[in-house]
Amino acid sequence: EAEVAQSPRYKITEKSQAVAFWCDPISGHATLYWYRQILGQGPELLVQFQDESVVDDSQLPKDRFSAERLKGVDSTLKIQPAELGDSAMYLCASSFPGQGTEAFFGQGTRLTVV
Amino acid sequence: AQSVTQLDSHVSVSEGTPVLLRCNYSSSYSPSLFWYVQHPNKGLQLLLKYTSAATLVKGINGFEAEFKKSETSFHLTKPSAHMSDAAEYFCVVRHSGNTPLVFGKGTRLSVIA
């Protein structure tokens, strides 16, 4: 069964350092999302791609976060510099375009900033 | 703006008794609605979805949800809880087209033996 792949699964970094997460969506899924989930809360959208184009990055803290999907397939989310408040689960999801289509989620990357 | 409200942050039931997890939504258009489940250290898994077809939607593991437009609700139910149902449940709305999924804050379901 096709899955959304994310790496690494866990990351510990010191504040002010740079960190990057990688996501490989399900083949054929044009839509890719990055969500952040703080412990005990629901996931919140950081950025949505349609192919290689950003559709929505209104909640992405652009002073320190960046995301790219250069060839419209896999994607990288970067934080520089990391802050203590960035500790969270970072989830990648992909889907076919369309209102009724569900998103498939990866296992996530658990980031701890110390 | 679209949003979704999960009315209970924690629900506790005994094994074999019914489950009811409540969700209300707001949307300017006819939304698509989803329920996802998240087990500890596992990814989010789709339970079921409503996409303007039948208002009573059946999902995996015996779960159902009913879309009630007049009440703007999409409550999740299961006739008989199993220990393996203990998890975090998220109600999710998509407003229209290819807009992002918007998550509720989640309801933690505990099942007591």
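Computed from a predicted model, the values in this text were never measured in an experiment.

K.L.:
So what's going on with the overall build of chain A? Which residues, and what values?
P.N.:
Assigned secondary structure in chain A consists of zero helices and 11 strands. Along chain A, helices (α) and strands (β) appear in the sequence β-β-β-β-β-β-β-β-β-β-β when read from the amino end. Seen through its principal axes, chain A has C-alpha atoms that stretch 40 × 25 × 25 Å. Across the 114 residues of chain A, 46% fall into the buried class. When the accessible surface of chain A is totalled, it reaches about 5,600 Å², and 50% of it is carbon and sulfur. Placing the 10 positive and 15 negative side-chain charges of chain A at their respective mean positions leaves the two points 7 Å apart.

K.L.:
Account for the interface of chain A and chain B, with residues named and values stated.
P.N.:
At the interface, 25 residues of chain A touch 25 residues of chain B. Summed over both partners, the interface of chain A with chain B buries about 1,800 Å², with 44% contributed by carbon and sulfur atoms. Per-residue buried area on chain A facing chain B is highest for Gln99, Glu102 and Phe105 of chain A; these three make up 33% of the total on that side. Counting every contact that joins chain A to chain B gives one salt bridge. Residue Glu102 of chain A is joined to Lys49 of chain B by a salt bridge in which the shortest nitrogen-to-oxygen separation is 2.7 Å. Inspection of the chain A/chain B interface yields nine residue pairs in polar contact (both at pLDDT 80 or more). Residue assignment for the side of chain A that touches chain B shows that the elements contributing at least two residues are strand 4 (31–37), strand 5 (44–50) and strand 9 (88–95) of chain A. Here the element with the most residues in the side of chain A that touches chain B is strand 4 of chain A; it accounts for four residues. Among the residues forming the side of chain A that touches chain B, the class breakdown is eight nonpolar, 14 polar and three charged.

K.L.:
Give me the state of the cysteines: which residues, what numbers.
P.N.:
All names here are of chain B. Taken as a whole, this structure holds two disulfides over all chains when the rule is applied. In this model, Cys23 is linked to Cys91 through a disulfide, with the two sulfur atoms separated by 2.0 Å. Here the S-S torsion is close to -70°, and the disulfide linking Cys23 with Cys91 is therefore left-handed. Of this pair, Cys23 sits in strand 4 (residues 23–26) while Cys91 sits in strand 10 (residues 87–94); the two residues are 68 residues apart in sequence, bridging distant segments of the chain. There is no split in this pair, since Cys23 and Cys91 are both buried.

K.L.:
Run through the sheet that holds strand 3 (residues 19–24) of chain A, naming residues and quoting values.
P.N.:
Residue and element names in this part refer to chain A. Strands sit in the order 1-3-8-7 across an open sheet of four strands; the sheet is antiparallel. Looking at the sheet topology across the chains shown, the edges are occupied by strand 1 (5–7) and strand 7 (65–68). This sheet shows a mean twist of 15° between the axes of neighbouring strands, independent of strand direction. Two strands pair when backbone bridges link them, and strand 7 and strand 8 (residues 75–79) are joined in this way by four bridges, in the antiparallel orientation. Considered in strand 8, the bridge of Ser66 is made with Lys78.

K.L.:
Please set out unusual backbone geometry residue by residue, giving values where relevant.
P.N.:
With omega at -10°, the peptide bond leading from Ser7 of chain A into Pro8 of chain A counts as cis. The residue Pro8 of chain A is located in the loop between strand 1 and strand 2 (10–13) in this model. Residues Gln80 of chain A and Pro81 of chain A are joined by a peptide bond in cis, for which omega reads -5°. On the secondary structure map, Pro81 of chain A appears in the loop between strand 8 and strand 9. Phi is positive for Ser16 of chain A, which is not a glycine, with a value near 80°. Assignment of secondary structure puts Ser16 of chain A in the loop between strand 2 and strand 3. Even without being glycine, Asn61 of chain B reaches a positive phi, approximately 60°.

K.L.:
Summarise the packing of aromatic side chains; cite the residues concerned and give the values.
P.N.:
Applying the stated criterion across every chain, the model contains 13 aromatic pairs over all chains. Between the aromatic rings of Phe63 of chain B and Tyr89 of chain B, the centroid separation amounts to 5.6 Å while the plane-to-plane angle is 45°, which identifies the pairing as tilted. Residue Phe63 of chain B is found in the loop between strand 7 (56–58) and strand 8 (64–68), and its partner Tyr89 of chain B is found in strand 10; the two are separated by 26 residues along the sequence. Accessibility classification places Phe63 of chain B together with Tyr89 of chain B in one group, the buried group. Aromatic ring contacts, followed pair by pair, group Tyr33, Tyr35 and Phe105 of chain A together with Phe34, Tyr36, Phe90 and Phe103 of chain B into a single cluster.

Rules and cut-offs
- Residues numbered from 1 in each chain as written.
- Chains lettered and ligands numbered in written order.
- Predicted model: local features only at pLDDT ≥ 70, side-chain atom pairs only at ≥ 80, totals over all residues.
- Heavy atoms only, no water.
- Helix = DSSP H or I, 4+ residues; strand = E, 2+ residues; numbered from the N terminus.
- Buried < 20%, exposed > 50% of the residue type's maximum accessible area, 1.4 Å probe, protein only.
- Areas by Shrake-Rupley, 256 points an atom, 1.4 Å probe, with all protein chains shown as cover.
- Lys, Arg positive; Asp, Glu negative; His and termini not counted.
- Charge placed at Lys NZ, Arg CZ, Asp CG, Glu CD.
- Contact = heavy atoms within 4.5 Å.
- Buried area = accessible area lost by both parts, 1.4 Å probe.
- Salt bridge = Lys/Arg side-chain N within 4 Å of Asp/Glu carboxyl O.
- Polar contact = N/O pair within 3.5 Å; in protein donor to acceptor, adjacent residues only side chain to side chain.
- Nonpolar A, V, L, I, M, F, W, Y, C, P; charged D, E, K, R; others polar.
- Disulfide = S-S within 2.5 Å.
- Pairing = 2+ DSSP bridges.
- Axes fitted to C-alpha atoms, helices over the stretch in contact; angles between N-to-C directions.
- Phe/Tyr/Trp six-rings, centres within 6.5 Å; stacked < 30°, edge-to-face > 60°.

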